[in-house]
Each structure stands twice: as structure tokens, then as C-alpha cells.
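Reading the structure
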Amino acid sequence: MGTMATTRQAIGALVRAHPGRYSKSELARMFGVSKERVRQIVLKDGLEPYLRPRGSPGRPRPRCARCGRPVSRGARLCADCYAELRWRGTVTLRCHWCGRDFALPLSRYEAKLRAGQRRFFCSQECRLAWWAQTLKEAHRKAFRT
């Protein structure tokens, strides 16, 4: 019958087999025990020299897909590259309600066109005023006698 290794034995064997590869928190996650328990095992068995030094890089930090600068975890582009791609230009439009010219980022303009929008407004107030007028006209047409 095979012997089952305890958590303590398993941690010791893994750390000794791969010196400098694991941190205490990684071991805790791998074995499903608390970081405090790993700390106790490391202290009692003298495994500190086999652990990755504190503050040393674990996995490499992600980099921007466009320029190669470091980015935060989960991001694909740095802030500068994102802004450059997002704001690649503006479009000057005329408000459908008040007739005033206003600028809209090209990406937002294209998204609104794809969504089927054909009337553009400089502000929420103009959009609401146009909508109220349109509803009044529709109401008048529907109840004409």
C-alpha cells in the first residue's frame, strides 16, 4: 500500500526540487492551505533558502501590444496607445435641433451610424427638445378630427 505524503512533506519536496521558483503565497494557493501554515512549515523545516526571494518578479508584467511598455494586468494597450487609437480624429456635425456645429470623436460617430442613428444633437437638452416636439406632432396627427 502506497504512503500518502503530508502537506508538509509535499511542500518540502517541491521546494527542494525547484529552488527559487515558488513564493510562500504561491505554495499556499497550490496546496490549499493558509500562508501562515506555509510560513510555519518553511520555518520549521528550514526551507527559506529554497524559496523565491521576496520582491523578486514572479510572472512577467504584461506589455502593451503596440509599443511594448508595461501595462496593468488585464490591459492590452497602454493609456497613450489606447487614446491614440480611440481618438484618431473628430467629425464636425451640425445639431439637428439648434443648428450649432459640434465635434464628435470619429469612433463614436461610426458606432452611432452602425447603430442606425441618423440625427445628431449637440447636447441632451437638444435631443430631448426635438423628441418632445416630435411626440407632440405625432399626437396631433393621431387625434385629428
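These numbers were taken from a predicted model, which means no experiment stands behind them.

1. As for the overall build of the protein chain
- When its secondary structure is counted, the protein chain shows six helices and two strands.
- For the protein chain, the α and β elements follow one another from N to C terminus as α-α-α-α-β-β-α-α.
- The C-alpha radius of gyration of the protein chain comes to 31 Å, more than 25% above the 15 Å expected for a compact globule of 145 residues.
- For the protein chain, the spread of C-alpha atoms along the principal axes amounts to about 95 × 40 × 25 Å.
- A burial count over the protein chain gives 21% of its 145 residues as buried.
- Of the accessible surface of the protein chain, which amounts to about 11200 Å², a share of 53% is contributed by carbon and sulfur atoms.
- Averaging the coordinates of the 32 positive side-chain charges in the protein chain and doing the same for the 10 negative ones gives two points 4 Å apart.

2. Details of the pattern of salt bridges
- Tallying each qualifying case throughout the model produces six salt bridges.
- The salt bridge partner of Arg8 is Asp45, with a shortest N-O separation of 2.6 Å. In this pair, Arg8 is assigned in helix H1 (residues 7-17) and Asp45 in helix H3 (residues 35-45), connecting sequence segments 37 residues apart.
- Asp45 sits in the partly exposed class, given a relative accessible area of 21%.
- As a salt-bridge pair, Arg52 and Glu26 come within 3.3 Å of each other at their nearest N and O atoms. With Arg52 in the loop between H3 and helix H4 (79-86) and Glu26 in helix H2 (residues 24-31), the pair connects residues that are 26 residues apart, well separated along the chain.
- By relative accessible area, which is 17% here, Arg52 ends up buried.

3. With respect to the packing of H2 against H3
- At their nearest, the axes of H2 and H3 sit 8 Å apart, and the two run at 115 degrees to each other. Relative to H3, H2 is oriented roughly perpendicular. Judged by the sense of rotation from one axis to the other, the crossing of H2 with H3 is right-handed. Counted together, Lys24, Ser25, Leu27 and Ala28 of H2 and Lys35, Val38, Arg39 and Val42 of H3 form the full contact between these two elements.
- Residue composition of the contact of H2 with H3, by class: four nonpolar, one polar and three charged.

4. As for the pairing of strand E1 (residues 90-94)
- Side chains Val91 and Leu93 project from E1 onto a buried face, and the interleaved Thr90, Thr92 and Arg94 project onto a face without burial.
- Sheet topology note: the E1/strand E2 (residues 101-105) ladder contains five bridges and is antiparallel. Counted as the bridge partner of Thr90 is Pro105 from E2.
- What sits between E1 and E2 in their antiparallel hairpin is a turn of six residues, with Gly99 showing a positive phi close to 80 degrees.

The rules we used
Residues numbered from 1 in each chain as written. Predicted model: local features only at pLDDT ≥ 70, side-chain atom pairs only at ≥ 80, totals over all residues. Heavy atoms only, no water. Helix = DSSP H or I, 4+ residues; strand = E, 2+ residues; numbered from the N terminus. Rg over C-alpha atoms; globule rule 2.2 N^0.38 Å. Buried < 20%, exposed > 50% of the residue type's maximum accessible area, 1.4 Å probe, protein only. Areas by Shrake-Rupley, 256 points an atom, 1.4 Å probe, with all protein chains shown as cover. Lys, Arg positive; Asp, Glu negative; His and termini not counted. Charge placed at Lys NZ, Arg CZ, Asp CG, Glu CD. Salt bridge = Lys/Arg side-chain N within 4 Å of Asp/Glu carboxyl O. Axes fitted to C-alpha atoms, helices over the stretch in contact; angles between N-to-C directions. Parallel < 35°, antiparallel > 145°, perpendicular 65-115°, else oblique. Left-handed = near helix turned anticlockwise from the far one by under 90°. Contact = heavy atoms within 4.5 Å. Nonpolar A, V, L, I, M, F, W, Y, C, P; charged D, E, K, R; others polar. Pairing = 2+ DSSP bridges.

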